[in-house]
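A structural walkthrough
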Amino acid sequence: MKAAVYYKNGGPEVLQYEDVPDPVCPPDGVLIDIEVISVEGGDTIHRSMVPLPRVPNIVGYQAAGTVREVGANVKNRRVGQRVVAVLENGSHAEKVVARPEFTWIVPDGADLTPLACVPVAFGTAHEALFDLGGLTKGQKVLVHAGGSGVGLAAIQLAKAVGAVVLTTASSDDKLARLREFGADYAINYKTTSFKDEVAKAVGTVDLVVDPIGGKTLQDSVEVLKYKGRIVNLGRAGRDSGAFDPYPLWLRNGSLHGLHLLFGSASHELARFQGVISECIERVARGELRVVVDRKFALADAAQAHAHIEQRSAFGRVVMLP
Ligand SMILES: NC(=O)c1ccc[n+]([C@@H]2O[C@H](COP(=O)([O-])OP(=O)(O)OC[C@H]3O[C@@H](n4cnc5c(N)ncnc54)[C@H](OP(=O)(O)O)[C@@H]3O)[C@@H](O)[C@H]2O)c1
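Residues numbered from 1 in each chain as written. Predicted model: local features only at pLDDT ≥ 70, side-chain atom pairs only at ≥ 80, totals over all residues. Heavy atoms only, no water.

In this section: empty space enclosed by the protein. One way to see where empty space is left: roll a probe the size of a water molecule over the atoms. One pass over the full model with this rule turns up two cavities of 30 Å³ or more. The space that makes up the largest cavity amounts to roughly 70 Å³. Lining the largest cavity, in full, are Cys117, Ala121, Phe122, Gly149, Leu152, Ala153, Gln156, Arg289, Val290, Val291, Gly315 and Arg316. Across the lining of the largest cavity, the residue classes tally to seven nonpolar, three polar and two charged. If you add up the space inside the second largest cavity, you get close to 40 Å³. For the lining of the second largest cavity, the per-class residue count stands at four nonpolar, three polar and no charged. (1 Å grid on protein atoms, 1.4 Å probe; cavity = no way out; pocket = protein on both sides within 12 Å on 5 of 7 lines; lining within 4 Å. Points joined across faces, edges and corners; volume = space filled by probe spheres on them. Nonpolar A, V, L, I, M, F, W, Y, C, P; charged D, E, K, R; others polar.)

Here it is as structure tokens:
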């Protein structure tokens, strides 16, 4: 099969489109013919800075397609079903092996492309807002990187429960679009101080959802109300500066980490599966929206990653094998 592989960490240019051996379906797995690859923010982080688990490596957390082969021990999937799969790696290819418990059946007649983008972004946003963040109607939440996959999901999920939503992004174009998705306050953190803008708009917030990390995470403590919560789930800012917890003490605040796969899915599989199923159904019903920013051929994986890293994407970039 063809795949976008890399031999060393680096910029998007390390991705090469090559022939690699087809994956073999194990007794406990399913083999999927990939039709849509959702390029996750984590895929770009892996390619640039996470040590390679194998050489060459095929990165990729998420893809959708048709089940081609079912392992002998798998009873709840069959050949021909359309599924979306969450993976530890391997989405940037024509075929992938998935664990059946990390696959969700795509509702009949539903468009595969938006649903290919649902589990990681919406599942992570849901976990951050509700399971860890405890967000309820009327509370105020600040969602950083509103134009990201996780950010757009978080804004919509928070609005749906009646929260007041503030969000940040790096450009006024993104911010204008975020207002259309329900953001009550949209803050350009490049041209203003988000701390000042939050203070002017609402004073303090109950919850911050932070996929950025570094200085953004540190500064977020200062917009928290007494006993406010931060859920940090990413380091999209590529800034791994140390975190000083002292400002949290001053407001009895809390900081949660979140990992959808190694946290939620590993420790509460059934609840995790239910959260994702619910998000898929809500997107299929049109209640929640996925924004597909651009489609690239898998052969152009380097351009797809570069487009994301240039901060040009709003929502999800997908690739088609
Ligand atoms: N812990 C988990 O389980 C989990 C699950 C999903 C995602 N994540 C992490 O959460 C983060 C967001 O994921 P995503 O899939 O939503 O990402 P995404 O769609 O690729 O968006 C990333 C966002 O980060 C912002 N950003 C800030 N600095 C950036 C930089 N130097 N390069 C690129 N983007 C930068 C950009 O917004 P602006 O231009 O507006 O700043 C961009 O919209 C990633 O770090 C990902 O690894 C973690």
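Strand order in this open sheet of six strands is S10-S9-S8-S11-S12-S13, and the pairing throughout is parallel. Each of the sheet's edge strands pairs with one partner strand only, and the pair in question is strand S10 (185-188) and strand S13 (254-257). Put simply, the sheet's adjacent strands are angled 15 degrees from each other on average, direction ignored. By the bridge criterion, four bridges tie strand S12 (residues 224-232) to S13 in an arrangement that is parallel. Paired with Ile230 across the bridge in S13 is Leu255. Running over the sheet, helix H5 (residues 172-180) touches strand S9 (164-169) and S10 and is turned about 160 degrees from S9. Relative to the sheet, helix H6 (residues 194-202) contacts strand S8 (140-143), S9, S10 and strand S11 (205-210), its axis offset from that of S10 by approximately 155 degrees. (Pairing = 2+ DSSP bridges. Helix = DSSP H or I, 4+ residues; strand = E, 2+ residues; numbered from the N terminus. Axes fitted to C-alpha atoms, helices over the stretch in contact; angles between N-to-C directions. Contact = heavy atoms within 4.5 Å.)

Now for the UniProt feature "domain: Enoyl reductase (ER)" (unreviewed entry) in the chain. Under the UniProt annotation, "domain: Enoyl reductase (ER)" (unreviewed entry) lies at residues 10-319. Strand forms 25% of residues 10-319 and helix 33%; the C-alpha atoms that close the span are 20 Å apart. (UniProt positions renumbered as here; feature names shortened; annotations may be inferred.)

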